[in-house]
Amino acid sequence: MTPRTRVLMSIAYWGFALYLFLPITMMVMMSFKDSKFIGFPIRAWTTDWYGHAIANGEFVSATAYSLIVAVSSTVIALVMGTWLAVLLARKSFWGRGAVFALTMLPAVVPGIISAISFRIYIRLVDLDPGMIAIIFGHAVHNVPFVALVVGARLGTMPRSHTEAAQDLGADPIIAFVRITLPYLRPAMIGAAVFSLLLSFDDFVRSFFLGSYEPTLPVLLFSKLRSGMSPEINAISTMVLIVTALLGLWAERSMRRMNKG
Amino acid sequence: MTSTTDTTPPARPGDVPFWGRVANSRGYGRFSDAMLSSPRRQFVLLAAFPILWITLTHLGPLVQMFRVSLLDAYPPTRDIAPQFSTEHYAIFFQDRLFFAPFFRTLVFSTTLTLITLILVYPVAYFLARHVKRDNQILFLLLLLIPFWAGEIIRSYALMLVLGNNGALNMALRFVGLTDRPIPFMYTNFAVSFAIIYLTALYMLLPLYSALEKIPPSYAEAAADLGAGPLTRFWRVTLPLSLDGVSSGCTLVFLIATGVYAVPVLFGGPSTTTFAETIAGFFHVAGDRWPTGAAFSMIMLVTALTIAMVFNRLIRLLQKEKRR
């Protein structure tokens, strides 16, 4: 590799990083700006907008609503994703290809179509738009990701572990609970964090499956359509920091786990 | 199984750990005798519920959407049973009004996927090849920070850049290229820019993991045999990274076709995408669900077909190169 291409490549990387970071840096800066007008130049700084955002009941209840949805849908996705991964770990059974394809199906259906199909489906099962519908939609969307992450970990597990347990008298269920589950734990924690973040960030499903009470992304969306306000900067900055920390932590531990 | 439980000496509850107590309990014994006695029963216990789940919740909604698309009216009115009808598919092929957003979405998604690929490939290459192994995760994580904040928050951040008082206009005015703000928002440019911003990382991750797997010795061997940098890239690195190219492109393409918030926030009347068209049938109080369902089916089938054809082409290309 010649030094010149090396320099060009590093310019590409840092340019890309700048491209990704410039918008969110702007947003963070604007959240500290002491003026209702959003834009440069910034003459005075303040942290008041954070106080306003926290005191605003709308944001607080939307965040709580989003959190309940995220946690419930993650529990469902974690159970079903892990279960499917364990099923798919069996190398050959009749219809394995079909089971795999159906497991991954929600991951390849474009967002708007997934949202619309759920909207039609909950009408069939007589479920009104609302929290249960959103939880269901998010859970289904997250199952493939859990199944992929847990399945990858399951693939690295030596067979001898469960065989030893069964030789010592554990039946398959006890062996699963006492040997396989502890082995899968890091992957399941990682998958759970990703699932939480995916659900907390999701807009299109919450938008079409929700009733009058909005999740946080839906609330922010409707605020954005009616115009910007400095409070949005503050609330977005807080969400950015929390999600980035959680995501970084999960990503790092997952990549370490896979390395060895 | 039962023989081991029988021969276990009776122990005081305190001595036996929790799972041992569960395994030795009479109720569990009966359950395990009934369910685990043959491999066949074990498999049924393992497979029944997940297969039920994927059939009902993964496949069910799409099947029901397809059914509704073939009814003349839905939700059904009280007395009249809905009739079979293909009129809603006909609407799409008869009315030119819907062609424009459909093709705009396809052209958008395809071009943006290619642009993203070209933009992100050097970044992934740099990460996988030029950064030291130990630092690679760090450099990758840095790029992932904005990723977790979600679609809406990142869209908002981007609006701060593209707006009339945004960073881009500020910079242009500062450099002196313009004296009036250029209206970037509500144009095709804004929508494209935002979609690339939101999807770039879905391209980066598969590309990086494909490039990372290629041993550097391959390129060195090619160099020893006299291949220049371009030949090395074209004949060695690129063919070996095609897996990453195909999964990255598929992901970005499918996300780009289904994105709804971005065209609503960044687009104007001249940039209507098919996602907005479909959503329109579900916002109005009137009974247009079957039309929306039919349009969703058309889009789903088209998008998945394009993705599959693309993947097949890459497969063929890989076989060709391997020869």
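Just so you know, these numbers come straight off a predicted model, no measurement behind them.

A.B. asks: Would you explain the overall build of chain A in this entry?
C.D. replies: Of regular secondary structure, chain A possesses 11 helices and 0 strands. Start at the N end of chain A and walk to the C end: the helices and strands fall as α-α-α-α-α-α-α-α-α-α-α. For chain A, the spread of C-alpha atoms along the three principal axes comes to 75 × 65 × 30 Å. Counting the 260 residues in chain A, one finds 45% classified as buried. Residue pairs at least 24 apart in sequence account for 78% of intrachain contacts in chain A once pairs closer than 6 positions are excluded.

A.B. asks: Even after reading the chapter, I still don't get the overall build of chain B, so can you show me in this structure?
C.D. replies: Of the regular secondary structure elements, chain B holds 16 helices and 0 strands. Relative to the 2.2 N^0.38 estimate, which gives 20 Å for 323 residues, the radius of gyration of chain B is 28 Å and therefore markedly larger than a compact globule would have. Summarising its shape, the C-alpha atoms of chain B cover approximately 90 × 75 × 45 Å along the three principal directions. Each of the 323 residues in chain B was classed as buried or not, and the buried ones make up 34%.

A.B. asks: Whenever I open this one, the interface of chain A and chain B confuses me. Can you help?
C.D. replies: For an interface, size is often stated in terms of accessible area lost upon the parts coming together. Residue-level contacts link 72 residues of chain A with 72 residues of chain B. The residue inventory of the side of chain A that touches chain B, partitioned by class, reads 52 nonpolar, 11 polar and 9 charged.

A.B. asks: Can you help me understand helix α1 (residues 3-30) of chain A in this one?
C.D. replies: Residues and elements named next belong to chain A. Taking 1.5 Å of rise per residue, 28 residues should cover 40 Å, and α1 covers 39 Å from first to last C-alpha, within 8% of that figure. The sharpest bend along α1 comes to roughly 35°, located at F21, with the proline P23 sitting one to four residues further on. For α1, the full list of buried residues reads Y13, F16, L20, P23, I24, M26, M27 and M30.

A.B. asks: Help me understand the confidence of the model for chain A in this model?
C.D. replies: Caution is warranted with low-pLDDT regions, since their predicted coordinates should not be read in detail. Residues of chain A with pLDDT of at least 70 account for 96%, and the chain-wide mean is 87. Across chain A, the element-wise mean pLDDT spans from 79 in helix α7 (residues 159-167) of chain A up to 94 in helix α3 (residues 57-89) of chain A.

A.B. asks: What am I meant to see in the nonpolar core here?
C.D. replies: Taken as a class, soluble globular proteins show a tendency for nonpolar side chains to be buried jointly. All names here are of chain B. Within the largest apolar cluster, 144 residues are counted, with the highest numbers of intra-cluster contacts made by A124, L204 and L207. Considering each element in turn, this core owes the most residues, 15 residues, to helix α10 (residues 188-213). Setting aside chain neighbours within four positions, we find L204 in contact with V120, V123, A124 and L143.

A.B. asks: How should I be thinking about the packing of helix α11 (residues 216-224) of chain B against helix α12 (residues 229-240) of chain B in this particular structure?
C.D. replies: In a pair of packed helices, the angle between the axes and the distance between the axes together describe the arrangement. Residue and element names in this part refer to chain B. Between α11 and α12, the least distance of the axes is 10 Å, while the angle of their chain directions is 140°. Viewed along their axes, α11 and α12 adopt a mutual orientation that is oblique. At the point where α11 passes α12, the crossing takes the right-handed sense. Side by side, α11 and α12 meet where Y218, A219, A222 and A223 of the first sit next to R232, R235, V236 and T237 of the second. Considered class by class, the residues forming the contact of α11 with α12 number 5 nonpolar, 1 polar and 2 charged.

A.B. asks: Sorry if this is basic, but what is going on with unusual backbone geometry here?
C.D. replies: Among all residues except glycine, the phi angle is most often negative; among peptide bonds, the trans geometry is most common. All names here are of chain A. Notably, D126 is not glycine yet its phi reads approximately 60°, a positive angle. Structurally, D126 can be placed in the loop between α5 (111-124) and α6 (131-155). Overall, the presence of 6 C-beta atoms within 10 Å leaves D126 in the exposed class.

Basis of the calculations
Residues numbered from 1 in each chain as written. Chains lettered and ligands numbered in written order. Predicted model: local features only at pLDDT ≥ 70, side-chain atom pairs only at ≥ 80, totals over all residues. Helix = DSSP H or I, 4+ residues; strand = E, 2+ residues; numbered from the N terminus. Buried ≥ 20, exposed ≤ 12 C-beta atoms within 10 Å, placed from the backbone. Contact = placed C-beta atoms within 7 Å. Rg over C-alpha atoms; globule rule 2.2 N^0.38 Å. Nonpolar A, V, L, I, M, F, W, Y, C, P; charged D, E, K, R; others polar. Expected span 1.5 Å × (residues − 1). Bend = angle between axes of the 7 residues up to and from the residue. pLDDT = per-residue confidence, 0-100. Core = buried A, V, L, I, M, F, W, Y, C linked by C-beta atoms within 7 Å. Axes fitted to C-alpha atoms, helices over the stretch in contact; angles between N-to-C directions. Parallel < 35°, antiparallel > 145°, perpendicular 65-115°, else oblique. Left-handed = near helix turned anticlockwise from the far one by under 90°.

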